[in-house]
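This is what each chain is made of:
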Amino acid sequence: MSFSTQTKACCSRPPVILRGGYDYNERGEYTDFNGMKTYVTGNPDATRGIFLCYDVFGLFIQAIKGADILAWGSTETPDSAGDYKVFMPDFWGDHPQDLTIFPPKTPQQRQAVMAFMTGPANPQTVLPSMEPLHAAFQKHSPGITTWSIVGFCWGVKMAALMTTAGTKYKAAAGCHPSLMDVQDAKQVTVPFCVLPSQDENPQLVDAWFHEIKAKNPDSYLETFGDQVHGWMTSRHVADFNVLHSYEEYLRGYRIMRTFLSAHM
């Protein structure tokens, strides 16, 4: 597998461990699907579902709070998108990408990062599990009549791979994408909202998005030019206490919620 499209920032910016005793009360619960722990959040009566693919660092508080915002919205940035039910599987459980070696500085650390990305996180390794997971989510919540898929970083790659011809998803969205491949983009068949950061390669983003928009003209691109790769998940600035970064975090989720609502 070639990683020539790997976002450099994904391997150079360290995750942010929330400091200062940040306390967040999760609104969802953890349920087992096909042997995989999954964070489930949202209105039990929701008729719209979201399959959420996190980034390689797993279930960070920033991503869990993001899942809750996708499901319920935010009182701080209200919108009219309504309720969703969100399913975020924990693909790697207690063994996500090792945050203690980020950014990798030694050959051994770089080798360990690559071993994870070409092993457990290889998209072609994970992909066969996603359709059975979707079926399990649907069985759990038969009232859901329409679905979308959302990805963070690595998860954007998975969202692209899951929205080809015959897909069950009506729309897709993602932020700070990694592993972008123009050949993947050519196969996407649904409207796609993508929110890159300042760290993604703009030429690659444009080429990737050009192919998506050619087939799906309702797709949407907005670059958050003063935010770092991962600002929506594991690299959010400390404790959400930097006001502008927190506002952009909330705005990103509001954009995705509103976009998905228009296509579901």
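The rules behind these values
Residues numbered from 1 in each chain as written. Predicted model: local features only at pLDDT ≥ 70, side-chain atom pairs only at ≥ 80, totals over all residues. Heavy atoms only, no water. Helix = DSSP H or I, 4+ residues; strand = E, 2+ residues; numbered from the N terminus. Expected span 1.5 Å × (residues − 1). Buried < 20%, exposed > 50% of the residue type's maximum accessible area, 1.4 Å probe, protein only. Contact = heavy atoms within 4.5 Å. Phe/Tyr/Trp six-rings, centres within 6.5 Å; stacked < 30°, edge-to-face > 60°. Pairing = 2+ DSSP bridges. Axes fitted to C-alpha atoms, helices over the stretch in contact; angles between N-to-C directions. Parallel < 35°, antiparallel > 145°, perpendicular 65-115°, else oblique. Left-handed = near helix turned anticlockwise from the far one by under 90°. Nonpolar A, V, L, I, M, F, W, Y, C, P; charged D, E, K, R; others polar.

The name recorded for the protein chain in an unreviewed UniProt entry is Dienelactone hydrolase domain-containing protein, from Cyphellophora europaea.

Participant: Residue-level account of helix 7 (residues 243-263), with values.
Facilitator: Structural remark: α-helix, 3.6 residues per turn; residues separated by three or four positions point the same way. With 21 residues, helix 7 extends 31 Å from end C-alpha to end C-alpha; this agrees with the ideal 30 Å at 1.5 Å per step. Ser245, Tyr246, Glu248, Tyr249, Leu250, Gly252, Tyr253, Ile255, Met256, Arg257, Phe259 and Leu260 are the residues of helix 7 that are buried. The elements touched by buried residues of helix 7 are strand 3 (48-53), helix 1 (61-72), strand 5 (146-152), strand 6 (169-175), strand 7 (192-195) and strand 8 (220-221).

Participant: Tell me about the packing of aromatic side chains, and please be specific about residues and values.
Facilitator: Centre distance and the angle of the planes are the two values used to describe a pair of aromatic rings. By the definition in use, this model includes 18 aromatic pairs. Ring geometry for Phe33 against Phe137: centres 5.0 Å apart, planes inclined by 85°, an arrangement best described as edge-to-face. Placement of the pair is Phe33 in strand 1 (residues 29-33) and Phe137 in helix 3 (residues 123-140), with a sequence separation of 104 residues. Comparing Phe33 with Phe137 shows no difference in burial state: the two are buried. Between Phe87 and Phe137 the ring centres are 4.6 Å apart and the planes differ by 20°, which places this aromatic pair in the stacked class.

Participant: An account of the pairing of strand 1 is needed here, citing residue identities and associated values.
Facilitator: Here strand 1 pairs with strand 2 (residues 36-42) via 5 bridges, running antiparallel. Note on strand 2: the bridge partner recorded for Glu29 is Val40.

Participant: Let's hear about the sheet that holds strand 3: which residues, and what values?
Facilitator: One open sheet holds the 8 strands; their spatial order is 1-2-4-3-5-6-7-8, and the pairing between them is mixed. At either margin of the open sheet sits one strand with a lone partner, and together these are strand 1 and strand 8. As paired elements, strand 3 and strand 4 (residues 85-89) share 3 bridges and run parallel to each other. Directly across from Gly49, in strand 4, lies its bridge partner Lys85. In the packing of helix 1 onto the sheet, the strands contacted are strand 1, strand 2, strand 3, strand 4 and strand 5, and the crossing angle to strand 2 comes to about 45°. Along the sheet, helix 4 (residues 154-161) makes contact with strand 3, strand 5, strand 6 and strand 7, crossing strand 5 at roughly 145°.

Participant: Give me the lowdown on the packing of helix 3 against helix 4, citing residues and values where you can.
Facilitator: In contact at an axis separation of 11 Å, helix 3 and helix 4 are set at 55° when each is read in the N-to-C sense. Between helix 3 and helix 4, the crossing angle belongs to the class labelled oblique. Seen from above, helix 3 lies across helix 4 with right-handed handedness. Taking contact as the criterion, the partners of Pro123, Gln124, Val126, Leu127 and Met130 in helix 3 are, on helix 4, Trp154, Lys157, Met158 and Leu161. Split by residue class, the contact of helix 3 with helix 4 holds 7 nonpolar, 1 polar and 1 charged.

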